[in-house]
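An overview of the molecular structure
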Amino acid sequence: MNESLGNGTGGERIARFTGLLTGSGIVCKILLLIFAILAADILGRDSYGYLEYLLEMALIFGVLVDFGLEQTVTRDLAKWKDRFRAVAGAILGYRLVASLLVLVAMELTLSVIDLSVRDRVFWLENTLASVYCVIIFHGALTKALLRSQEQLAAEAGINLADRTFLVVAGIAALWIGGRISVLLGVYIASALLALGLGWRVIFRRIAPCRPQWGLDLAFIWQRTAIPIGLSAACILLLHREDTVMVNILAGDAETGIYKAAYRPFEGLFLFPQMLAVASYPVFSSLYAQGEPIDRLIARFLRLLMYLSVPMAVGGTLIAESFIGQCYPKYAPDGVSVLMLLVWSLPFIFGNFLLGTVLNAIDRQAKNFYASVLAMVSNFVLNIPAILWYGAEGAAAVTILSQGLYLFLLVYYCRDRMEWHTEDLRRGLGMIGATVVMAAILVLFPYAWYWEVMIGAAVYGAGLIVFRGAVREDLDLARSLLGLRSRS
């Protein structure tokens, strides 16, 4: 067993899967960033803001109607792999029936909001957004089934194909003057591509599945998913309700400013997202087998802090250069929004991991308690913050609500993390490396892309000099890169 990873096989599996998903995710995020920059520039603040609003609503409805079933399937089929075909068929039939509910509910909600905020209904755009929601609703089940069988390399390839098609077709649509409805059609086509590729992998590598119309088994699984569904809904709203609230309370243009800053910011927490995806089936399986995971949780949480703290500091220093070059029409408003958002990164990084841990070890009720308090605080505080300060207010509230969520998660996970006194000394080394990095970036200001490379190099060297990183951290990094750790 490789002790350097905290739990040999389990740690290496998590690291390997995280590396695969993060590698493909980086490419996807770069492609999406290029597309977002072009879309924001060509469409303008109002149209770009409205497009992002519709996409956010599709994601929100998809998760709300799923109501935790995706995460429950991932967790439990990771423990009981022999039940795959029966469970997959029952839930697929159930999802097909539920699709009608998703379509009607989202269409009605968008129409009501249009009448109250815009005094007219955008029927075509609303219908296309609702169709997109239905497709990603089924895509979520497909990914859950793949993850339960640890087919994460296949998911990484599907993500690359999906995003490459979206960006290529989307840019073509922008260049020919495509409207929001055309761009929504591109999103639908890319989601269909991902859905088809996912089921192709399931049929070829796992087991052929057919929809089953006897819904008893699916209803049992949906009831089991209720605690996770409640927390998933709250977490989703915690991340996504800001955009909708900015749109309703401050308008399309302010939404465009917020999303111009939020899109690149969102790309920064790609790694913890992929770590959560990779660790969920592994933690679930290890916990069911009675394997120790306490040290492994602490190790990955420390790794996330090592990444997020310098990102927050560096993001603050390069925000002006980045927004000024990539989103010139959104400066200076977008600069202050991005500067605020990056300081929620340490909290968000920790939340991805610890929320996943609670679900994996059957403490989903605790995750729900934490997420509902954070979501309610985010909603309540956003009302005056957005009315008074617009997008900047929403960004500031993100720091507070995500910080509250992390505090509660740490409290509920406190008995499942094994900390050593050496961890504190390494943490001080990380802070020292971050301070040196910040000083260098302030003294030698360059374009943002040069600053990113300089900052990463200085921070990495600082970790070694201040002994913030040692042999076991390097072994973990090797596993993330798909390399074998040295004995």
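See the structure printed just above.
Keep in mind that what you see is a predicted model, and the values were worked out from it rather than measured. The residue count restarts for each chain, going from 1 along the sequence in the order it is written. Two thresholds apply to this predicted model, a pLDDT of at least 70 for residue-level local features and 80 or more for giving and counting side-chain atom pairs, whereas whole-chain, interface and lining totals are computed over all residues. Hydrogens and water are ignored here; the side-chain numbers use all heavy atoms of the structure.

1. Quick word on the packing of helix H4 (residues 123-148) against helix H5 (residues 152-175)
In plain terms, the rule: Under this scheme, a helix contributes an axis fitted over its contacting stretch, all axes are lines through C-alpha atoms, and angles between N-to-C directions fall in the 0 to 180 degree range. Runs of E in the DSSP output that reach at least two residues are strands. Runs of H or I that reach at least four are helices, and both are numbered from the N terminus. Working rule for contacts: check all heavy atoms of both residues, and any pair within 4.5 Å makes them a contact. All residues other than Ala, Val, Leu, Ile, Met, Phe, Trp, Tyr, Cys, Pro, Asp, Glu, Lys and Arg, Gly among them, are scored as polar; the first ten of these are nonpolar and the last four charged.
Their axes nearest at 8 Å, the elements H4 and H5 cross at an angle of 145 degrees. Taken together, the residues of H5 that come into contact with H4 (itself represented by Lys 143, Leu 146 and Arg 147) are Leu 152, Glu 155, Ile 158 and Asn 159. Here the residues of the contact of H4 with H5 sort into three nonpolar, one polar and three charged.

2. Remarks on the packing of helix H9 (residues 252-268) against helix H15 (residues 391-413)
Spelled out, the test is: In these notes the angle categories are as follows: under 35 degrees is roughly parallel, over 145 is roughly antiparallel, 65 to 115 is roughly perpendicular, and the rest is oblique.
In the contact formed by H9 and H15, the axes pass within 9 Å of each other and the chain directions differ by 45 degrees. In terms of orientation, H9 and H15 fall into the oblique class. Contacts between H9 and H15 pair Glu 254, Ile 257 and Tyr 258 from the former with Ala 391, Ala 394, Ala 395 and Thr 398 from the latter. Tallied by class, the residues present in the contact of H9 with H15 amount to five nonpolar, one polar and one charged.

3. Quick notes on the side chain of Lys 259
By the secondary structure assignment, Lys 259 is in helix H9. Residues within four places of Lys 259 in sequence aside, it is in contact with Tyr 48, Glu 52, Glu 56, Arg 240, Thr 243 and Pro 264.

4. Considerations on the environment of Ala 319
Structurally, the position occupied by Ala 319 is in helix H11 (residues 294-326). Separated by 17 residues in sequence, Ala 319 and Ser 336 have C-alpha atoms that sit 8.0 Å apart. Residues in contact with Ala 319, not counting those within four places in the same chain, are Val 335, Leu 338 and Met 339.

5. Here we look at the nonpolar core
Definition in use: What we call a nonpolar core is a set of buried Ala, Val, Leu, Ile, Met, Phe, Trp, Tyr and Cys residues that are connected through their side-chain atoms within 4.5 Å. Here the term buried applies to any residue with accessible area under 20% of the maximum for its type, exposed to any over 50%, and partly exposed to those in between, with areas from a 1.4 Å probe on protein chains only.
The biggest cluster of nonpolar side chains holds 136 residues, and the ones touching the most others in it are Leu 145, Phe 265, Phe 283, Tyr 327, Leu 353 and Leu 354. Contact partners of Leu 353, with chain neighbours within four places excluded, come to Leu 275, Ser 279, Phe 283, Ile 297, Phe 300, Leu 301 and Leu 304. Listed in part, the 10 residues of the second largest apolar core include Val 313, Ala 433, Met 437 and Tyr 459.

6. As for helix H17 (residues 448-465)
Our working definition: The span expected for a helix works out to 1.5 Å for each residue beyond the first. Note: the arc covers the axis-to-C-beta directions of the helix.
The end-to-end C-alpha separation of H17 is 25 Å, in line with the 26 Å expected for 18 residues at 1.5 Å each. Along H17, the positions that sit buried rather than exposed are Trp 448, Glu 451, Gly 455, Val 458, Tyr 459, Gly 462 and Leu 463. Down the axis, H17 shows its buried residues gathered within 140 degrees of arc, on one side only. Residues of H17 that are exposed and point more than 90 degrees away from the buried face comprise Ala 456, Ala 457 and Ile 464. Summarising the contacts, the buried residues of H17 are in contact with H11 and helix H16 (421-443). The positive-phi residue at the C-terminal boundary of H17 is Arg 467, with phi of around 55 degrees.

7. A short note on H9
What counts is decided by this rule: Note on bend: at a given residue it equals the angle between the axes fitted to the 7 residues ending there and to the 7 starting there.
The first and last C-alpha atoms of H9 sit 24 Å apart over 17 residues, in line with the 24 Å expected at 1.5 Å per residue. At Tyr 262, H9 shows its largest kink, close to 30 degrees, and the proline Pro 264 lies no more than four residues downstream. Among the 17 residues that make up H9, 12 are buried, leaving the element largely enclosed by the rest of the structure. Inspection of H9 places Asp 252, Thr 255, Gly 256, Ile 257, Tyr 258, Lys 259, Ala 260, Ala 261, Tyr 262, Pro 264, Phe 265 and Glu 266 among the buried residues, and these make up the whole buried set.

8. Description of the packing of aromatic side chains
Basically, it comes down to this: Under the pairing criterion, centres of Phe, Tyr and Trp rings, with the six-membered ring standing for Trp, must be within 6.5 Å; the plane angle then separates stacked pairs below 30 degrees from edge-to-face pairs above 60, leaving the rest tilted.
Scanning all chains against the criterion turns up 14 aromatic pairs. With a centroid separation of 6.1 Å and an interplanar angle of 55 degrees, the aromatic rings of Phe 368 and Tyr 369 are classed as tilted. Exposure remark for Tyr 369: the relative accessible area of 39% places this residue in the partly exposed category. A centroid spacing of 6.0 Å and a plane angle of 50 degrees characterise the contact between Tyr 449 and Trp 450, whose relative ring orientation is tilted.

9. Examining the pattern of salt bridges
Opposite charge on two side chains allows them to pair when their charged atoms are near. Convention followed: In what follows, salt bridge is the name for a side-chain nitrogen of Lys or Arg lying within 4 Å of a carboxyl oxygen of Asp or Glu.
All told, the structure shown has five salt bridges when counted by the stated rule. Here Glu 155 ties to Arg 147 by a salt bridge, and the two come within 2.7 Å at their closest N and O atoms. No difference in accessibility class separates Glu 155 from Arg 147, as the two residues are buried. Here Arg 416 makes a salt bridge to Asp 294, at a shortest N to O gap of 2.9 Å. One end of the pair, Arg 416, is in the loop between H15 and H16; the other, Asp 294, is in helix H11, with 122 residues separating them in the sequence.

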